[in-house]
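Architecture at a glance
Next come the chains, spelled out residue by residue.
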Amino acid sequence: MKPWWQETFCIPPEQNASFVCPMEEILDLYHRAYDARYPVLCLEEMPVQLLGECREALPMEAGKVRREDNEYERWGTASLFMVFEPLAGKRLVWVRARRTAYDWAEVMQQVADEYYPDAERIVMVMDNLNTHHFSSLFPCAGGVAFAAAF
């Protein structure tokens, strides 16, 4: 037994159709055949701390790993936006200073205009974050229609 090991996965509430229905819809998206006209993309955002070293690390030596000091300088925070296309194996990453609705809309605009300009419809799978809303797209709306699966 190894009590420190654990697996993390989604345990749905019992008999909760409002949970199971969108989950099955998303699972169906992942089983679609690949079609470049209708790419299925996943979006995840993550805040990160920007850290610097207070002291230079000691280099690796024979029989010793590289050693870093546990002290660090905090240089602020940033937000990572990652868009992943599982059926094509593509991954795109943006680093932004903030995670606002405008930042999200700019990333969506870049995805549509620069990476998927020939797509007829982009299907986005993302969480229910308050900035992930169609109204956020109005300041920089493009020519591509977005279909969202929440």
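As the structure is a computational prediction, the values presented were derived from the model and not from experiment.

The next point concerns the side chain of D103. Residue position: D103 is located in helix α2 (residues 101-115). Exposure remark for D103: the relative accessible area of 2% places this residue in the buried category. A polar contact of 2.7 Å, which involves the side chain of D103, links it to the side chain of T100. Those residues in contact with D103, other than ones at most four positions away along the chain, are F81, R96 and R98.

With that settled, the discussion passes to the pattern of salt bridges. Between side chains of opposite charge, pairing is possible as soon as their charged atoms come close. A full pass over the atoms with the stated rule returns nine salt bridges. Between D69 and R55 there is a salt bridge, with its nearest N and O atoms 2.4 Å apart. In this pair, D69 is assigned in the loop between β1 (40-53) and β2 (72-85) and R55 in the loop between β1 and β2, connecting sequence segments 14 residues apart. Overall, the relative accessible area of 43% leaves R55 in the partly exposed class.

Quick look at the pairing of strand β3 (residues 90-96) now. Taken together, the seven bridges between β2 and β3 define a ladder with antiparallel strand orientation. Of the residues in β3, the one forming a bridge with M82 is V93. Between β2 and β3, which pair antiparallel one after the other, the connecting turn spans four residues, and G89 there sits at a positive phi close to 70°.

It is worth spelling out a nonpolar patch on the surface at this point. A surface patch of nonpolar side chains, about 240 Å² in accessible area, is lined by M23, L27 and Y30. Position of M23 relative to the elements: it lies in helix α1 (residues 17-30).

As a further point, take α2. Over its 15 residues, α2 extends 20 Å from the first C-alpha to the last, a length consistent with the 21 Å expected when each residue adds 1.5 Å. All of the buried residues along α2 are D103, W104, A105, V107, M108, Q109, V111 and A112.

The biggest cluster of nonpolar side chains holds 17 residues, and the ones touching the most others in it are L43, V83, V111 and I122. Sorting the residues of this core by element identifies β1, β2, β3, α2 and β4 (121-125) as the ones contributing at least two each. Considering every element that reaches this core, the biggest residue donor is α2, with six residues. Ignoring anything within four residues of it in the chain, the contact list for L43 reads F81, M82, V83, W104, M108, M124, V125, M126 and H132.

A word on the packing of aromatic side chains. Overall, the coordinates contain one aromatic pair when judged by the stated rule. Note on W94 and Y115: the rings are 5.9 Å apart at their centroids and 90° apart in plane angle, and the pair reads as edge-to-face. On the criterion of sequence distance, the pair formed by W94 in strand β3 and Y115 in helix α2 is long-range, its members being 21 residues apart.

Here we come to the environment of R37. Within the secondary structure layout, R37 lies in the loop between α1 and β1. With a relative accessible area of 41%, R37 lands in the partly exposed category. Along the primary structure R37 and I122 are separated by 85 residues, whereas in three dimensions their C-alpha atoms are 8.0 Å apart. Sequence-distant contacts of R37, defined by excluding residues within four places in its chain, comprise A119, E120 and R121.

Within the secondary structure, E68 is located in the loop between β1 and β2. When its relative accessible area of 55% is taken as the criterion, E68 is described as exposed. Within polar-contact distance, the side chain of E68 engages the side chain of R66 at 2.4 Å.

The rules we used
Residues numbered from 1 in each chain as written. Predicted model: local features only at pLDDT ≥ 70, side-chain atom pairs only at ≥ 80, totals over all residues. Heavy atoms only, no water. Helix = DSSP H or I, 4+ residues; strand = E, 2+ residues; numbered from the N terminus. Buried < 20%, exposed > 50% of the residue type's maximum accessible area, 1.4 Å probe, protein only. Polar contact = N/O pair within 3.5 Å; in protein donor to acceptor, adjacent residues only side chain to side chain. Contact = heavy atoms within 4.5 Å. Salt bridge = Lys/Arg side-chain N within 4 Å of Asp/Glu carboxyl O. Pairing = 2+ DSSP bridges. Patch = residues over 30% accessible without salt bridge, like charges linked within 9 Å, V, L, I, M, F, W, Y side chains within 5 Å. Areas by Shrake-Rupley, 256 points an atom, 1.4 Å probe, with all protein chains shown as cover. Expected span 1.5 Å × (residues − 1). Core = buried A, V, L, I, M, F, W, Y, C linked by side-chain atoms within 4.5 Å. Phe/Tyr/Trp six-rings, centres within 6.5 Å; stacked < 30°, edge-to-face > 60°.

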